[in-house]
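What the coordinates show
What follows is each chain in one-letter form.
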Amino acid sequence: MSAPSVLVPLIRRMSGRTDLTTPTEAAVLGVDLPENDERADYLRATLKPGPEALAATPFPIQDSSMMAPLAKADCLLIRDPYAPAAKAGSRCTIARLDR
């Protein structure tokens, strides 16, 4: 993961830039996920090839102070606020960290 792929968009967004869009793509969940609360979630996850699509499996602990999972992550799994519970194999949206 290179610094520009993560830090530049973050700095731009924190500076109030609205012309920044994060490229996203579809994947499938590698595990079941519970329903989401009022916040959008950006879960650190790993990607593995699946039979029909890439499978995104979030790390079990998502504490924002833990940098090791971020360093090992291939993508961020993006969940909208109030997303319902989702089963493994369901479609999901990811933002790759290697681009």
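Residues numbered from 1 in each chain as written. Predicted model: local features only at pLDDT ≥ 70, side-chain atom pairs only at ≥ 80, totals over all residues. Heavy atoms only, no water.

Notes on the overall build of the protein chain
Across its full length, the protein chain holds two helices and five strands. Going from N to C terminus, the protein chain has its helices and strands arranged as α-β-β-β-α-β-β. Sorting the 99 residues of the protein chain into buried and exposed places 27% on the buried side. A separation threshold of at least 6 residues defines the contact pool for the protein chain, and within that pool the share at least 24 residues apart is 69%. (Helix = DSSP H or I, 4+ residues; strand = E, 2+ residues; numbered from the N terminus. Buried < 20%, exposed > 50% of the residue type's maximum accessible area, 1.4 Å probe, protein only. Contact = heavy atoms within 4.5 Å.)

Focus on the sheet that holds strand E1 (residues 25–29)
Sheet strands associate in pairs through backbone hydrogen bonding, adopting either a parallel or an antiparallel arrangement. Around the barrel, which closes on itself, the five strands sit in the order E1-E3-E2-E4-E5 with mixed pairing between neighbours. Here the average twist between neighbouring strands, direction ignored, is 55°. Note: E1 against strand E5 (residues 91–96), four bridges, orientation antiparallel. The residue of E5 that forms the bridge with Ala27 is Cys92. (Pairing = 2+ DSSP bridges. Axes fitted to C-alpha atoms, helices over the stretch in contact; angles between N-to-C directions.)

Here's the deal with the pattern of salt bridges
On inspection of all chains with the given rule, the structure shows one salt bridge. Among the salt bridges present, the one from Glu25 reaches Arg96, with a minimum N-O distance of 2.9 Å. Pair noted here: Glu25 is in strand E1 and Arg96 is in strand E5, with a separation of 71 residues, a long-range link. Its relative accessible area of 23% is what places Glu25 among the partly exposed residues. Overall, Arg96 belongs to the partly exposed group, its relative accessible area being 24%. (Salt bridge = Lys/Arg side-chain N within 4 Å of Asp/Glu carboxyl O.)

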